[in-house]
Amino acid sequence: MKGYNVAVVGATGAVGTKMIETLEARKFPVAQLRALASERSKGKALRVRGDLLAVEELKADSFKGIEIALFSAGAKISRKFAPLAVKAGAIVVDNSSAFRMEKDVPLIVPEVNRYALKDHRGIIANPNCSTIQMVLVLGPLHQRAKIKRVVVTTYQSVSGTGLLAMVELREQSLATLEDREIKKKVYPYEIAFNLLPHIGEFLSNGYTQEEMKMINETRKILGDEGINVTATTVRVPIFIGHSEAVNIELEEELTPKEAREILGEAPGVIVMDDPDRNLYPYPRMAAGKDEVFVGRIRKDSTVPHGLDLFIVADNLRKGAALNAIQIAEELIKE
Ligand code: A2P
């Protein structure tokens, strides 16, 4: 099989390191791997396939000879460097929010809308972590009984913010338990033993950026602008794993049993739903796993055709790195 020259931008970050691990774990055909990060990380060694790989500083000419560039260094970096990568001949899979809502940029969760991939012009966007795990579950239900409205509340781990936030949660937790002074750098308030209904900036409509991402991206991926979505996104003191309480209203009746059957067949989804045996998904179980877990499926009798669900996934894997590599796998199949 042909090998591809792959660059990972943000290779030292929470998602970038997972991207490199995932390329290895899924035996993606890599001919040459280039690890790119900021000047601070230049020369740092990463362990890849048992070898050491030196991190290079990201520069305008970093993409010479690169065929696939995986970006996860934030929207600003993507806006500046993704077009340069495309110009150099690479196809970009971008994990940032920079291009997600642009018309000619496919926003892809392969199990749900791989058909939209063919329309790309060099950049394919990887959706927001919370959106990916939600649409993986909602997609098959929407196909069967058409979703009219979604109300979602999230419980998102600090790894979604990045490595520095993981360090902050650890340090604040230790400081609290040891009765030491609590230092804050990443979040405006303490995250240890707390939670913050604040992910991304607040917008003039009262929602946060993260909430609007879930609203807009869900419609784009499900290919249905008619779905009403509202979201409250909350940061919680968990290292890895995002959880979501999701309420949906469907056009047609769908029983919890039927929903479990449909989701039982859905690729990438595992139904964990047996209250009698305390079986339901939770983040410590989902961390380190590739699948999206769903449970607590029950009828909501307060609306016609309503269902409640609880969805959990490893935000660094299916929520970010794994989905990006799956997109790259689809691209090389073409
Ligand atoms: P670096 O480690 O050199 O700062 P996280 O999301 O975990 O915070 O990681 C962000 C990633 O984006 C890291 O790999 C980081 O590299 C990279 N990054 C941040 N700023 C830049 C920049 N100006 N140029 C290139 N890479 C950057």
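This is a predicted model, so every value here is computed, not measured. (Residues numbered from 1 in each chain as written. Predicted model: local features only at pLDDT ≥ 70, side-chain atom pairs only at ≥ 80, totals over all residues. Heavy atoms only, no water.)

## Quick look at the site of the ligand
Here is step 1: In the vicinity of the ligand lie 15 residues, with Thr-12, Ala-14, Ser-38, Arg-40 and Ser-41 positioned nearest.
Here is step 2: Ala-14 places a polar main-chain atom, nitrogen or oxygen, 2.8 Å from an oxygen atom of the ligand.
Here is step 3: Between the ligand and Arg-40, the relevant distance is 2.8 Å, taken from an oxygen atom to a side-chain nitrogen or oxygen of the residue.
Here is step 4: Surface burial for the ligand is 70%, taken as the share of its 570 Å² of free accessible area covered by protein chains.
Here is step 5: Tallied by class, residues from the shell around the ligand come to seven nonpolar, seven polar and one charged. (Near = heavy atom within 4 Å. Polar contact = N/O pair within 3.5 Å; in protein donor to acceptor, adjacent residues only side chain to side chain. Areas by Shrake-Rupley, 256 points an atom, 1.4 Å probe, with all protein chains shown as cover. Nonpolar A, V, L, I, M, F, W, Y, C, P; charged D, E, K, R; others polar.)

## Quick word on helix α2 (residues 75-87)
Here is step 1: Between the first and last C-alpha of α2 there are 18 Å, a value that for 13 residues agrees with the 18 Å anticipated at 1.5 Å per step.
Here is step 2: Here α2 has its buried residues at Ser-78, Phe-81, Ala-82 and Ala-85.
Here is step 3: The elements touched by buried residues of α2 are β6 (68-71), β7 (91-94) and β8 (123-125).
Here is step 4: Following α2 by one or two positions, Gly-89 has its phi on the positive side, about 105°. (Helix = DSSP H or I, 4+ residues; strand = E, 2+ residues; numbered from the N terminus. Expected span 1.5 Å × (residues − 1). Buried < 20%, exposed > 50% of the residue type's maximum accessible area, 1.4 Å probe, protein only. Contact = heavy atoms within 4.5 Å.)

## Quick look at the side chain of Ser-41
Here is step 1: Considering the arrangement of structural elements, one finds Ser-41 in the loop between β2 (30-37) and β3 (45-48).
Here is step 2: Beyond its immediate stretch of four places on either side in the chain, Ser-41 contacts Thr-12 and Val-55.

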